[in-house]
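Spelled out from the first residue to the last, the chains are:
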Amino acid sequence: MRTAVYPGSFDPVTFGHVDIIERASKLFDTLIVAAMVNREKMPVFSVEERILMLKKVTAHFDNVKVVKFDGLLADFARENGADTIIKGLRAISDFEYEFQMAMVNKKLNRSLDTVFLMTGEKYMYLSSRVVKAVGSFGGDLSEFVPQEIAGEVAEKLLSRRK
Ligand code: ADP
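Residues numbered from 1 in each chain as written. Predicted model: local features only at pLDDT ≥ 70, side-chain atom pairs only at ≥ 80, totals over all residues. Heavy atoms only, no water.

Draft legend 1. The overall build of the protein, seen in detail. A count of helical and extended segments in the protein gives 6 helices and 5 strands. The secondary structure elements of the protein, listed N-terminal to C-terminal, are β-α-β-α-β-α-β-α-β-α-α. In summary, the protein has a C-alpha radius of gyration of 15 Å against a globular reference of 15 Å for 162 residues, a match within 12%. Taking the principal axes of the C-alpha coordinates as reference, the protein spans close to 50 × 35 × 30 Å. For the protein, buried positions account for 47% of its 162 residues. Considering only intrachain contacts with a sequence separation of at least 6, the fraction spanning at least 24 residues in the protein is 75%. One finds the centroid of the 23 positive side-chain charges in the protein at a distance of 4 Å from the centroid of its 22 negative side-chain charges. (Helix = DSSP H or I, 4+ residues; strand = E, 2+ residues; numbered from the N terminus. Rg over C-alpha atoms; globule rule 2.2 N^0.38 Å. Buried < 20%, exposed > 50% of the residue type's maximum accessible area, 1.4 Å probe, protein only. Contact = heavy atoms within 4.5 Å. Lys, Arg positive; Asp, Glu negative; His and termini not counted. Charge placed at Lys NZ, Arg CZ, Asp CG, Glu CD.)

Shown next, in the form of structure tokens:
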């Protein structure tokens with residue numbers, strides 16, 4: 001049984017994340033999507049909201065679990081029997097930081113490898129930051145986030161401006 005962890009802020013989850021989840025779920029027996037509490041980044045959506053949204057948009061994948069994660073990824077992977085971290089790469093700009101993190105995680109947990117999946121070409125421009133920027137001005141989010149969560153994402157982003 002091969003288990004992988006896909007960590008992120010998912011603030012909020014986008015089509016770019018769902019594409020990575022779908023592809024990674026085909027490569028592993030179990031995929032754990034780990035929503036980081038993320039104290040540094042000051043997320044807009046609480047970790048509970050982010051987890052609920054992730055659960056809604058991944059409900060149709062049988063082997064995907066969504067959990068909260070706070071701490072060291074290397075420890076989390078060990079505790080959950082995962083030997084692979086999944087990361088999405090959009091552009092060279094993502095690479096430098098991710099390369100560094102992959103090395104650090106390897107130092108902390110020798111049996112852990114990071115697998116990078118290239119972005120789906122339709123989503124290479126897409127980030128949670130883009131969603132937050134467009135949504136805060138009431139822009140149409142239908143190209144960015146799944147329909148099951150588009151309403152709640154739009155509502156929260158708009159209400160923050162008021
Ligand atoms: P973001 O960078 O969108 O704020 P996260 O920290 O939640 O998001 O990202 C979690 C993971 O998903 C990272 O590995 C990131 O590179 C990847 N990712 C985010 N958006 C995309 C996308 N559009 N295509 C591929 N990978 C992505």
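Text resumes after the structure shown.
Draft legend 2. Representation of the sheet that holds strand 1 (residues 3-8). Ordered by their spatial adjacency, 5 strands build an open sheet running 3-2-1-4-5, and the pairing between neighbours is parallel. Pairing within the sheet leaves two strands with one partner each, and these edge strands are strand 3 (64-69) and strand 5 (113-118). The mean inter-strand angle of the sheet, taken between neighbouring strand axes irrespective of direction, is 30 degrees. Here strand 1 runs beside strand 4 (residues 84-89); their pairing, made up of 2 bridges, is parallel. Bridge assignment links Val-5 to a residue of strand 4, and that residue is Ile-85. Relative to the sheet, helix 1 (residues 15-27) contacts strand 1, strand 2 (30-36), strand 3, strand 4 and strand 5, its axis offset from that of strand 5 by approximately 125 degrees. Running at roughly 175 degrees to strand 4, helix 4 (residues 92-108) makes contact with strand 4 and strand 5 of the sheet. (Pairing = 2+ DSSP bridges. Axes fitted to C-alpha atoms, helices over the stretch in contact; angles between N-to-C directions.)

Draft legend 3. Summary view of the site of the ligand. In the neighbourhood of the ligand, 19 residues make up the surrounding shell, with Tyr-6, Phe-10, Gly-88, Arg-90 and Tyr-123 lying closest. One of the backbone nitrogen or oxygen atoms of Ser-9 is found 3.0 Å away from an oxygen atom of the ligand. One of the backbone nitrogen or oxygen atoms of Leu-126 is found 2.9 Å away from a nitrogen atom of the ligand. Here the ligand loses 91% of its free accessible area of 540 Å² to cover by the protein chains. Among the elements of the structure, strand 1, helix 1, strand 4 and helix 4 are those that each provide at least two residues to the shell around the ligand. (Near = heavy atom within 4 Å. Polar contact = N/O pair within 3.5 Å; in protein donor to acceptor, adjacent residues only side chain to side chain. Areas by Shrake-Rupley, 256 points an atom, 1.4 Å probe, with all protein chains shown as cover.)

Draft legend 4. Quick peek at helix 4. With 17 residues, helix 4 should cover 24 Å at 1.5 Å per step; its first-to-last C-alpha distance of 25 Å lies within 8% of that length. Inspection of helix 4 places Asp-94, Glu-98, Ala-102 and Asn-105 among the buried residues, and these make up the whole buried set. The elements touched by buried residues of helix 4 are helix 3 (73-79), strand 4 and strand 5. (Expected span 1.5 Å × (residues − 1).)

Draft legend 5. How the structure looks around the packing of helix 5 (residues 128-136) against helix 6 (residues 147-161). For the pair helix 5 and helix 6, the least separation of the axes is 8 Å and the interaxial angle reads 65 degrees. Pair helix 5 / helix 6 crosses with right-handed handedness. Residues Val-131, Lys-132, Gly-135 and Ser-136 of helix 5 lie in contact with helix 6, whose contacting residues are Val-153, Leu-157, Leu-158 and Arg-161. (Left-handed = near helix turned anticlockwise from the far one by under 90°.)

Draft legend 6. Quick look at the side chain of Thr-58. Inspection of the secondary structure puts Thr-58 in helix 2 (residues 47-58). The exposure class assigned to Thr-58 is buried, which follows from its relative accessible area of 3%. Setting aside residues no more than four positions away along its own chain, Thr-58 makes contact with Ile-21, Val-64 and Val-66.

Draft legend 7. Up close: the packing of helix 2 against helix 6. For the pair helix 2 and helix 6, the least separation of the axes is 9 Å and the interaxial angle reads 155 degrees. Here helix 6 runs roughly antiparallel to helix 2, going by the angle between their axes. On helix 6, the residues that touch Glu-49, Met-53, Lys-56 and Val-57 of helix 2 are Glu-148, Ile-149, Glu-152, Val-153 and Lys-156. A per-class count over the contact of helix 2 with helix 6 returns 4 nonpolar, no polar and 5 charged. (Parallel < 35°, antiparallel > 145°, perpendicular 65-115°, else oblique. Nonpolar A, V, L, I, M, F, W, Y, C, P; charged D, E, K, R; others polar.)

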